[in-house]
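Report on the structure
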Amino acid sequence: RYLVTDQYSTYGGTPDRNNFRSKSASLAISYELSDSLTFKSMSGYSNNDQRMYQDWDRTPIVLFQLNEFITMKYFTQEFQLNGVSFDDRLKWVAGLFYFKDESFDDKYRSSPTDGVNAREFKDLTTTSVAAFAQGSYNFTDRFSATLGLRYSRDEKDYVTSRSTRNIIAGVPTPYT
């Protein structure tokens, strides 16, 4: 029988670890080209890495373990032209947009009790590009109309694999 002495005590055969690292940055620049035209650039970047090692059964005997490695990163960029025309009656924006996201998940589970090791990985890349424009025209002080257009192209590449292999004498095959 195992007695837990506090909420942080575990009796796992291997210590749990969870390492998480995150880096991100963003930048917004606005420049007035004239009294009626402004250029904007907005950029963003993020990179996250996580490494997890867990003993799922929480007993001193190593029965069920999980090792997981997750990486996610993205980059986004948008350029805009903002303007006013026709004596400030037309307010408009036009621009280009780019987004790329890459995610990778590599998971390894071992269970000597049922004689199986399983490895699963997922690799996903998403790319998106767009061009857009929108304008609002004030016909009077109380009546206006807005029209917008957007062209987008999105691509997703997804690869996944799951493998199971036997183990020898209850000892999991080393994960490399």
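Below you will find a few notes about this structure. Numbers given for residues are sequential positions, taken from 1 along each chain in its written order. With the structure being a predicted model, the display of local features is reserved for residues of pLDDT at least 70 and the display and counting of side-chain atom pairs for 80 or more, all residues being used for whole-chain, interface and lining totals. The basis for every side-chain value is the complete set of non-hydrogen atoms in the structure, without hydrogens or water.

1. Digging into the packing of aromatic side chains
For clarity, the threshold we go by: Only Phe, Tyr and Trp rings take part, Trp by its six-membered ring, and two of them pair if their centres are within 6.5 Å. Stacked means planes under 30 degrees apart, edge-to-face means over 60, and tilted covers everything else. Helix numbering and strand numbering both begin at the N terminus, where a helix is a DSSP run of H or I of at least 4 residues and a strand a DSSP run of E of at least 2. Relative accessibility under 20% of the residue-type maximum defines a buried residue, over 50% an exposed one, and the middle range a partly exposed one, all with a 1.4 Å probe and only protein chains included. Charges are assigned to positions over rings by a cutoff of 6 Å between ring centre and Lys NZ or Arg CZ, combined with an angular limit of 35 degrees from the ring normal.
Counted under the stated rule, the structure contains 8 aromatic pairs. On the numbers, 5.8 Å between centres and 75° between planes, the contact of tyrosine 53 with phenylalanine 69 is edge-to-face. With tyrosine 53 in strand E2 (residues 37-55) and phenylalanine 69 in strand E3 (residues 65-85), this residue pair connects regions lying 16 residues apart in the sequence. Take phenylalanine 69: its relative accessible area is 16%, and that puts it in the buried class. Each ring, one from phenylalanine 75 and one from tyrosine 98, has its centre 6.3 Å from the other, and the planes form 50°; the classification is tilted. Of this pair, phenylalanine 75 sits in strand E3 while tyrosine 98 sits in strand E4 (residues 90-111); the two residues are 23 residues apart in sequence, bridging distant segments of the chain. Overall, phenylalanine 75 belongs to the partly exposed group, its relative accessible area being 34%. Above the ring of tyrosine 53, the side-chain terminus of arginine 17 is found at 4.1 Å from the ring centroid.

2. A word on unusual backbone geometry
Excluding glycine, a negative phi dihedral is what most residues carry, and trans is how most peptide bonds are arranged. Of note in the backbone geometry, phenylalanine 86 takes a positive phi value of approximately 55° without being a glycine. One non-glycine residue, aspartate 88, adopts positive backbone phi at about 65°. In this fold, aspartate 88 is placed in the loop between E3 and E4.

3. Digging into the pattern of salt bridges
Proximity of charged atoms lets side chains of opposite charge pair with each other. Rules: By convention in these notes, a salt bridge is any Lys or Arg side-chain nitrogen within 4 Å of a carboxyl oxygen on Asp or Glu.
As enumerated under the stated definition, the model contains 5 salt bridges in all. Note that aspartate 106 and arginine 119 form a salt bridge whose closest N and O atoms lie 2.8 Å from each other. With a gap of 13 residues between them, aspartate 106 in strand E4 and arginine 119 in strand E5 (residues 116-138) connect regions that are remote in the sequence. With a shortest N-O distance of 2.3 Å, arginine 153 and glutamate 155 are connected by a salt bridge. In this structure glutamate 155 comes out as partly exposed when scored by relative accessible area, which is 36%.

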